[in-house]
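These are the residues of each chain, in order.
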Amino acid sequence: MRIGILISGRGSNMVALLDAVRDGHVYDAEIALVVSDQPSAAGRMRARDKGIRTALVERKGRTREEHEREIIQKLREQRVELVCLAGYMRLLSPYFIEEFRGRILNIHPSLLPAFPGLDAQRQAIEHGVKYSGCTVHFVDETLDGGPIVTQRVVPVHDSDTPDALAARILAEEHAAYPEALALVCSGRYEVVGRRVVRK
Ligand code: GRF
């Protein structure tokens, strides 16, 4: 499975995926390309340092679809079959989603369907939930709403700030995303309605 990763920032989830593939935890997978839409994304340097091919595709006044056409072209050049969003801070257009239908994963720092969108950790604290966590899901046209591959739970403490909760969740993200990627690359699942069922 040839994998492309899209990032906008520090890329810690990307590193978790790169390391899992390097260490043989994801059967028959290769990270073919890391694409950043931000020139300053630390993740791009981290990928380069690990010997991974990277590309910078800035939006620069183009429409979302024009920008995505260039990303898709780069992914195609590397024969990418599965796309992992790892802190990619733009919504994908229906055009992109159609190109990779059922072959896009995302990680979100809450127990979806609770707290989709931005600032999920702050939303969780303000709502007063006692547990939150992270979710790896397939991407469809809905905001953080596609079929769920895996979730991990963390407690929310009374004294938590959004940053403290984010750090606790992030540690679980780094385990959840490689685990989900391994399942998807193994092909040992099927999507039944909204449910991702292990075979
Ligand atoms: C993570 O919290 C992820 O769940 C969210 O954006 C953040 C990205 O962090 N989608 P990193 O760039 O992977 O370190």
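Report follows, based on the coordinates. (Residues numbered from 1 in each chain as written. Predicted model: local features only at pLDDT ≥ 70, side-chain atom pairs only at ≥ 80, totals over all residues. Heavy atoms only, no water.)

Remarks on the nonpolar core
Side chains of a nonpolar character, in soluble globular proteins, are inclined to be buried together. Counting 41 residues, the largest nonpolar core has Ile3, Ile5, Met14, Leu105 and Leu181 as the members making the most contacts within it. At nine residues, helix H6 (residues 162–186) tops the list of elements feeding residues into this core. Once residues lying within four places of it in the same chain are set aside, the contact partners of Leu105 are Leu82, Val83, Cys84, Leu85, Val136, His137, Phe138, Val139, Val149, Tyr177, Leu181 and Val184. Membership of the second largest hydrophobic core comes to 19 residues, among which are Leu75, Tyr88, Phe96 and Ile104. (Core = buried A, V, L, I, M, F, W, Y, C linked by side-chain atoms within 4.5 Å. Buried < 20%, exposed > 50% of the residue type's maximum accessible area, 1.4 Å probe, protein only. Helix = DSSP H or I, 4+ residues; strand = E, 2+ residues; numbered from the N terminus. Contact = heavy atoms within 4.5 Å.)

Section: unusual backbone geometry
Leaving glycine out, the prevailing phi sign among residues is negative, and the prevailing peptide bond configuration is trans. Residues Leu112 and Pro113 are joined by a peptide bond in cis, for which omega reads 10 degrees. Take Pro113: it is sitting in the loop between strand S5 (104–108) and helix H5 (120–127). Positive phi values are uncommon outside glycine, yet Asp119 reaches one of about 55 degrees. For Asp119, the location among the structural elements is in the loop between S5 and H5.

Side note on the state of the cysteines
This structure, assessed with the given rule, holds zero disulfides. With no disulfide of its own, Cys134 has Cys84 as its nearest cysteine by sulfur position, at a separation of 14 Å. Looking at Cys185, it has no disulfide partner, and the nearest cysteine sulfur is the one in Cys84, 7.3 Å off. (Disulfide = S-S within 2.5 Å.)

Concerning the packing of aromatic side chains
The way to describe two aromatic rings as a pair is by their centre distance and the angle between their planes. One pass over the structure, following the stated rule, counts two aromatic pairs. The lysine or arginine in question, Arg69, covers the ring of Tyr95, its NZ or CZ lying 4.6 Å from the ring centre. (Phe/Tyr/Trp six-rings, centres within 6.5 Å; stacked < 30°, edge-to-face > 60°. Lys NZ or Arg CZ within 6 Å of the ring centre and 35° of its normal.)

Re the site of the ligand
Neighbouring the ligand are the residues Arg10, Gly11, Ser12, Asn13, Gly87, Ile107, His108, Pro109 and Glu173. Contact between the ligand and Ile107: a nitrogen atom at 3.0 Å from a main-chain N or O atom of the residue. A distance of 2.7 Å separates an oxygen atom of the ligand from a polar side-chain atom of Glu173. Computed on the free molecule, the ligand has an accessible area of 370 Å², of which 86% lies beneath the protein chains in the complex. Placement of the ligand is best described as lying within the largest pocket. Taken together, the elements giving at least two residues each to the shell around the ligand come down to helix H1 (12–22) and S5. Along the lines of polarity and charge, the residues of the shell around the ligand split into two nonpolar, five polar and two charged. (Near = heavy atom within 4 Å. Polar contact = N/O pair within 3.5 Å; in protein donor to acceptor, adjacent residues only side chain to side chain. Areas by Shrake-Rupley, 256 points an atom, 1.4 Å probe, with all protein chains shown as cover. 1 Å grid on protein atoms, 1.4 Å probe; cavity = no way out; pocket = protein on both sides within 12 Å on 5 of 7 lines; lining within 4 Å. Sits in = over half its atoms within 2 Å of the grid points. Nonpolar A, V, L, I, M, F, W, Y, C, P; charged D, E, K, R; others polar.)

So, H5
One turn of an α-helix holds 3.6 residues; hence residues three or four places apart share an orientation. Where H5 is concerned, the buried positions are Ala120, Gln121 and Ala124. For H5, the angular spread of the buried residues around the axis is 100 degrees, confining them to a single face. The elements touched by buried residues of H5 are S5, strand S6 (131–138) and H6. Note on H5: the residue one or two positions beyond its end, Gly128, has a positive phi of about 90 degrees. (Arc of directions from axis to C-beta.)

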